Amino acid sequence: MAIVSDAATTSSEEQRRAAGPQVWPPGTQLVGGSANLKGSSLRPFFIYNSLSRSVEEFIALDRDRVTYYSCGPTVYLRQHLGNMRSYIFADTLKRALEFNGYAVRHVMNITDVGHMTSDEDAGEDKVEKTARAEGRSPQEVAHFYRDLFLADLNVLNIEMPEVICAASDHIADMIALIARILERGFAYVAHSGVYFDVEKYRGANRRGRLSRQSLDEQHAGQRLEHAPDKKSPHDFALWVLNQPTHLMQWDSPWGRGYPGWHIECSAMAMKYLGATIDIHSGGIDHVPIHHENEIAQSESATGRPFVRYFVHHAFLVGMEGAKISKSAGKFPVLEDLIRARVNPLAFRLFCLSAKYRSELVFSIDAVRAAERNLYYLYGFAASAPVEEADSPWTQAYRERFQAALNDDLNTPEALAVVLEMVNKAYRDNDRRICGTLKQFDRVLGIRLAEQFEYLKRLKVPADIQALIDERAQARSKKDFGRSDELRMQLQARGWEAKDNRDGTSEYMPRWN
Ligand SMILES: [Zn+2]
């Protein structure tokens, strides 16, 4: 089968846009999408596809098994909050698809070898650099930071992907993939490694499928490593050879060595999800090099489109000014938030308060503002009639919530709908919205359902109850000075008061 050349891609993309959703392989029965979904609550889901640079309706190859790959961490240091935004985004996208009735198979890699300090093969292996600095083996370093990462996912209520795969466990798959690329003539063996032949793959106009940049634009301002035996400085390593000081090495048909970073994602994505996957996500920094290279390797090996929807999220920025950082210039990590006594799920809500394609400015105050919304929702959960059926008016909110999600994952709008519904429940004194809230929480992931259960079972300690009773008396006598004092006392002991318009008050424990 002919490889899709760059020129052919452009015209086929134009044709595809004219013809509607892309289907691969040809003749595949489409499932998913507005025309195909069964049931009245199912709606078209739109997402920005970096491949077409437009918001497209998502059409799954198989609605019962949407294939989704997201780039995971390189485990050489603790992931900072900027990294965690990425995993919250991937989790939210998956949850939003599930809310729409899709079953999603999500695969995420753990890079424990081959990711150099520069994304373009130059420098030192990141894991080995930490290992040398910390006097540990690369395996110890990788396992240590992997376990911290997985614990952070759990604290942020990020659902574990169906498959989490470490690069070092998949060396044989990478070798097999490299062999296929060589067989098809898109790579060559040199003394210092097996290299992907970028210029041959890209053809005459040499533009990338994803970045649309020429090779010179793509690498402008970057110091390219000029291994003397590379045909072109743009070629990248699939397998690195003859690096005797590198600690992690494996035998291959070309000699002892280790894989390049990009081949890891291609090999593992295709092993677990097939040659063509529905969705691949990652940070926008991956567009010009990592994802461009993943496409080149995968498609040259299989002759098929690698990814149908490439989805990229923007960064968390402005963290330099954050005072919670342990040392200046270091990005804060989840533990810093916990030390500042901020509920980690407030960070999750903070991330949802911005569109995923917008930069989000981090500050501890902004996360605390999100925490107020979190406790507002928890406070509602404390007093809500969980057993009662929802009021009919909640249906309109459910539809608006779904419409926001399906509009290119507009989470700030979805969140506004949730808060508006709770406001209305308070205002109209009709609190029969718990079923709907629990459904919303399947996407928000702020453990609201657990709150309903927890708060129902919660026993208020006698000394706290005494303060609460005294405050109720003060409020009934309109002694607001005393009431405020008691509020502060309760706060100091970890309990938040919320006063309702009807004169009643609610109390709930703060997190930790
Ligand atoms: Zn990747």
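Residues numbered from 1 in each chain as written. Predicted model: local features only at pLDDT ≥ 70, side-chain atom pairs only at ≥ 80, totals over all residues.

> Teacher, can you tell me more about the overall build of the chain here?
Assigned secondary structure in the chain consists of 18 helices and 15 strands. Within the chain, buried positions represent 42% of all 512 residues. (Helix = DSSP H or I, 4+ residues; strand = E, 2+ residues; numbered from the N terminus. Buried ≥ 20, exposed ≤ 12 C-beta atoms within 10 Å, placed from the backbone.)

> Even after reading the chapter, I still don't get unusual backbone geometry, so can you show me in this structure?
Comment: phi is negative for the bulk of residues other than glycine, and the bulk of peptide bonds are trans. The phi torsion at asparagine 429 lies on the positive side, around 50°, for a residue other than glycine. Within the secondary structure, asparagine 429 sits in the loop between α14 (411-427) and α15 (434-444). The exposed category is assigned to asparagine 429, around which 9 C-beta atoms lie within 10 Å. Positive phi, normally seen in glycine, also occurs at arginine 447, with a value near 60°. Tracing the backbone shows arginine 447 in the loop between α15 and α16 (448-457).

> Whenever I open this one, the packing of helix α8 (residues 261-273) against helix α9 (residues 287-302) confuses me. Can you help?
Each pair of packed helices gets described by two things: the angle between the helix axes and the distance between those axes. Contact pair α8 / α9: the axes reach a minimum separation of 9 Å and the direction vectors enclose 55°. Taken together, the axes of α8 and α9 are oblique relative to one another. In the packing of α8 onto α9, the handedness of the crossing is right-handed. Packed against α8, whose contacting residues are His262, Ile263, Cys265, Ser266 and Met270, the element α9 presents His290, Asn293, Glu294, Gln297 and Ser298 at the interface. (Axes fitted to C-alpha atoms, helices over the stretch in contact; angles between N-to-C directions. Parallel < 35°, antiparallel > 145°, perpendicular 65-115°, else oblique. Left-handed = near helix turned anticlockwise from the far one by under 90°. Contact = placed C-beta atoms within 7 Å.)

> For this particular structure, what's the right way to read the nonpolar core?
Burial of nonpolar side chains together is a common tendency in soluble globular proteins. In terms of nonpolar packing, the biggest core is built from 122 residues, with Ile178, Ile181, Ala187, Phe196, Leu238, Ala269 and Ala346 touching the most fellow members. Broken down by element, this core gets its largest block of residues, nine residues, from helix α2 (residues 81-99). The residue makeup of this core includes at least three contributed by each of domain 1 (6-313) and domain 2 (319-457). (Core = buried A, V, L, I, M, F, W, Y, C linked by C-beta atoms within 7 Å. Domains from an automatic or database assignment.)

> Help me out: how do you make sense of the environment of alanine 366 in this one?
Tracing the sequence through the fold places alanine 366 in helix α12 (residues 364-383). With 18 C-beta atoms counted inside 10 Å, the residue alanine 366 sits in the partly exposed group. C-alpha of alanine 366 to C-alpha of phenylalanine 350: the two residues are 16 residues apart in sequence and 7.3 Å apart in space. Those residues in contact with alanine 366 that sit more than four places away from it in its chain are Phe350 and Val361.

> How should I be thinking about the confidence of the model for the chain in this particular structure?
It should be kept in mind that the predicted coordinates are not to be read in detail where pLDDT is low. Here the chain averages 85 in pLDDT, while 86% of its residues score no lower than 70. Every residue in residues 1-40 is under pLDDT 50, and counting partners more than four places away or in other chains gives 48 contacts. Below pLDDT 50 for its whole length, residues 321-328 participates in 16 contacts with residues either more than four positions away or in separate chains. (pLDDT = per-residue confidence, 0-100.)

> Can you walk me through the packing of α2 against helix α11 (residues 344-352) in this structure?
Remark: α2 packs on α11, axes separated minimally by 10 Å, with the N-to-C direction vectors making an angle of 70°. On the basis of their axis angle, the class for α2 and α11 is roughly perpendicular. Contacts from Leu81, Arg85, Ile88 and Thr92 of α2 reach α11 at Phe347, Arg348, Cys351 and Leu352.

> For this particular structure, what's the right way to read the sheet that holds strand β10 (residues 277-283)?
Hydrogen bonds along the backbone pair up the strands of a sheet, which may run parallel or antiparallel. Taken in spatial order, the five strands of this open sheet run β5-β4-β3-β10-β11, and their pairing is parallel. In the strand order of this sheet, the two ends are held by β5 (163-166) and β11 (307-313), each with one partner. The average undirected angle you get between the axes of adjacent strands in this sheet is 20°. In this sheet, β10 lies alongside strand β3 (residues 66-70) in parallel orientation, the contact comprising three bridges. Bridge pairing in β10 links tyrosine 69 to histidine 280. α2 contacts β3, β4 (104-110), β10 and β11 of the sheet and is inclined by roughly 165° relative to β4. (Pairing = 2+ DSSP bridges.)

> Where do I start with the sheet that holds strand β9 (residues 257-259) in this structure?
Within the open sheet, the four strands sit side by side as β6-β7-β8-β9. Their pairing is antiparallel. Unpaired on one side and paired on the other, β6 (187-189) and β9 mark the two borders of the sheet. Averaged over all neighbouring strand pairs, the angle between strand axes comes to 20°, with direction disregarded. The pairing of β6 with strand β7 (residues 193-196) spans three bridges and is classified as antiparallel. By the bridge assignment for β7, alanine 187 is matched with phenylalanine 196.

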